[in-house]
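Structural description and commentary
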Amino acid sequence: MKHIIFVAVMVLAFVAFYPFIGIAGNNKDDHNKNFKAILKGDYSFTINQKCEINVKDVVNDTQLLTEPVILIEWVIKGTAQFKGDGTGSNTFNALRFISGRQTEDMKLSGWSNGNCNLTYDVGHDRSFNGLLICTGVNSTGKSFTTSEIEMQGNISKNGNALILSDVSPSEETIDIDNFGSLKGFCGRSGMAVKIHNDKED
């Protein structure tokens, strides 16, 4: 079970994932502005992520797995870089904890690290929407690639702090080399802080 769970719990790292920024405008021409250009530089982020993963179709050994669904929780930190054109990337490190669906016992089950490519859009009201695709490796040495991960949130008035969230009902998938695919539903919340401002051109 431990090997299977190590593989399952590296999922979606989110994250990720995941800071975006926009500045709210105050005039009638806001709809013509490119708010994505305001996001440029490096951000430090921390995210808590919790996923319900269905492993019923992957593992049938009852000695290894007593629940068809497992709950996985991540504590994730990393750095994101934004290019100012609606694209960017990040690197992350994560600790993961796991339990059965009907138990509250949480156990440290390993770590994962990797990187994500991201695209984003921002609104004049400081809201943002983004998509990430992440790749990485877990503590068993297996590599993975996620499906698209959604991220939404808002920014502070000065743009230095970002509130990150994901409560979308979309099913997410992770493809694991030499193993297969796992599916599940995840929720995320976190913050990001600006640690570097690029000089104006």
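Look a little higher up for the structure.
My aim in this report is to walk through the structure given alongside it, one point at a time. Chains are numbered independently. Their residues run from 1 in the order of the written sequence. For a predicted model such as this one, the threshold for reporting local features is a pLDDT of at least 70, and the threshold for listing and counting side-chain atom pairs is 80 or more; totals across whole chains, interfaces and linings nevertheless cover every residue. Computation of side-chain values: all heavy atoms of the structure, hydrogens and water removed.

Some remarks on the state of the cysteines
The definition used for a disulfide is geometric: two cysteine sulfur atoms within 2.5 Å. Scanning the entire structure with this criterion turns up two disulfides. The disulfide partner of C116 is C134, and the gap between their sulfur atoms is 2.0 Å. Across the S-S bond linking C116 and C134, the dihedral sits near 100 degrees, which makes this disulfide right-handed. In this pair, C116 sits in strand β5 (residues 107–122) while C134 sits in strand β6 (residues 127–138), placing the two residues 18 residues apart along the sequence. Exposure is judged per residue with a 1.4 Å probe applied to protein chains only, and the accessible area is read against the type maximum: over 50% gives exposed, under 20% gives buried, and values in between give partly exposed. Overall, the relative accessible area of 0% leaves C116 in the buried class. Listing the disulfide partners of the protein chain by sequence rank of the bonded cysteines yields 1-4, 2-3. The secondary structure listing takes helices from DSSP runs of H or I that are at least 4 residues long and strands from runs of E that are at least 2 residues long, numbered from the N terminus.

With respect to the environment of S181
Position of S181 among the secondary structure elements: in strand β11 (residues 180–197). For the pair S181 and V55, spaced 126 residues apart in the sequence, the C-alpha separation amounts to 9.5 Å. Polar contact criterion, stated in full: a pair of N or O atoms within 3.5 Å, where within protein one must be able to donate a hydrogen and the other to accept it, and residues adjacent in sequence count only if both atoms are side-chain atoms. Reaching out from S181, the side chain makes a polar contact with the side chain of D175 at a distance of 2.4 Å.

Section: the nonpolar core
The nonpolar side chains of a soluble globular protein tend to be buried with one another. By nonpolar core we mean a set of buried residues, namely Ala, Val, Leu, Ile, Met, Phe, Trp, Tyr and Cys, connected to one another through side-chain atoms within 4.5 Å. Formed by 35 residues in total, the largest nonpolar core has its most connected members in F45, I53, I76, F82, F92, L132 and L164. Element by element, the count of residues in this core is highest for strand β3 (residues 69–83), at six residues.

A few points about the packing of aromatic side chains
The description of two aromatic rings rests on the distance between their centres and on the angle between their planes. The pairing test for Phe, Tyr and Trp rings, Trp by its six-membered ring, is centres within 6.5 Å, and the orientation test on the planes gives stacked under 30 degrees, edge-to-face over 60, and tilted for anything in between. Under the defined criterion, the tally for this structure stands at two aromatic pairs. On the basis of an interplanar angle of 85 degrees and a centroid distance of 5.3 Å, the ring pair of Y43 and F82 is categorised as edge-to-face. Placement of Y43 in strand β2 (residues 40–54) and of F82 in strand β3 is noted, with a sequence separation of 39 residues between them. Comparing Y43 with F82, the two get one shared label, buried. With 5.7 Å between their ring centres and 85 degrees between their planes, F82 and Y120 make a pair best called edge-to-face.

A closer look at the pairing of β6
It is a general feature of regular strands that their side chains alternate between the two faces of the sheet. Of the two faces of β6, the one lined by F128, G130, L132, C134, G136 and N138 is fully buried and the one lined by S127, N129, L131, I133, T135 and V137 carries no buried residue. The pairing of β6 with strand β8 (residues 149–155) spans six bridges and is classified as antiparallel. In the sheet register, G130 faces β8, and the bridge partner there is M151. A pair of strands is considered paired only if DSSP assigns at least 2 bridges between the two. In this structure, β6 lies alongside strand β7 (residues 143–146), joined through three bridges in antiparallel fashion. Across the sheet, residue V137 finds its bridge partner in β7, namely S143. As consecutive antiparallel partners, β6 and β7 are separated by four residues, and within that stretch G141 has a phi angle of approximately 90 degrees, a positive value.

Looking at the pattern of salt bridges
When charged atoms on two side chains of opposite charge get close, those side chains can pair. Each reported salt bridge corresponds to a side-chain nitrogen of Lys or Arg within 4 Å of a carboxyl oxygen of Asp or Glu. This structure, assessed with the given rule, holds two salt bridges. A salt bridge links R188 to D166; the nearest nitrogen and oxygen atoms lie 2.4 Å apart. Here R188 is found in strand β11, whereas its partner D166 is found in strand β9 (residues 161–166), with 22 residues between them in sequence. You'll find R188 and D166 in the same group, each marked buried. Between E172 and R188 there is a salt bridge whose closest N-O contact spans 2.7 Å. Separated by 16 residues along the polypeptide, E172 in strand β10 (residues 172–176) and R188 in strand β11 bring together distant segments of the chain. In this structure E172 comes out as buried when scored by relative accessible area, which is 4%. Each of D166, E172 and R188 takes part in a single network of salt bridges with overlapping partners.

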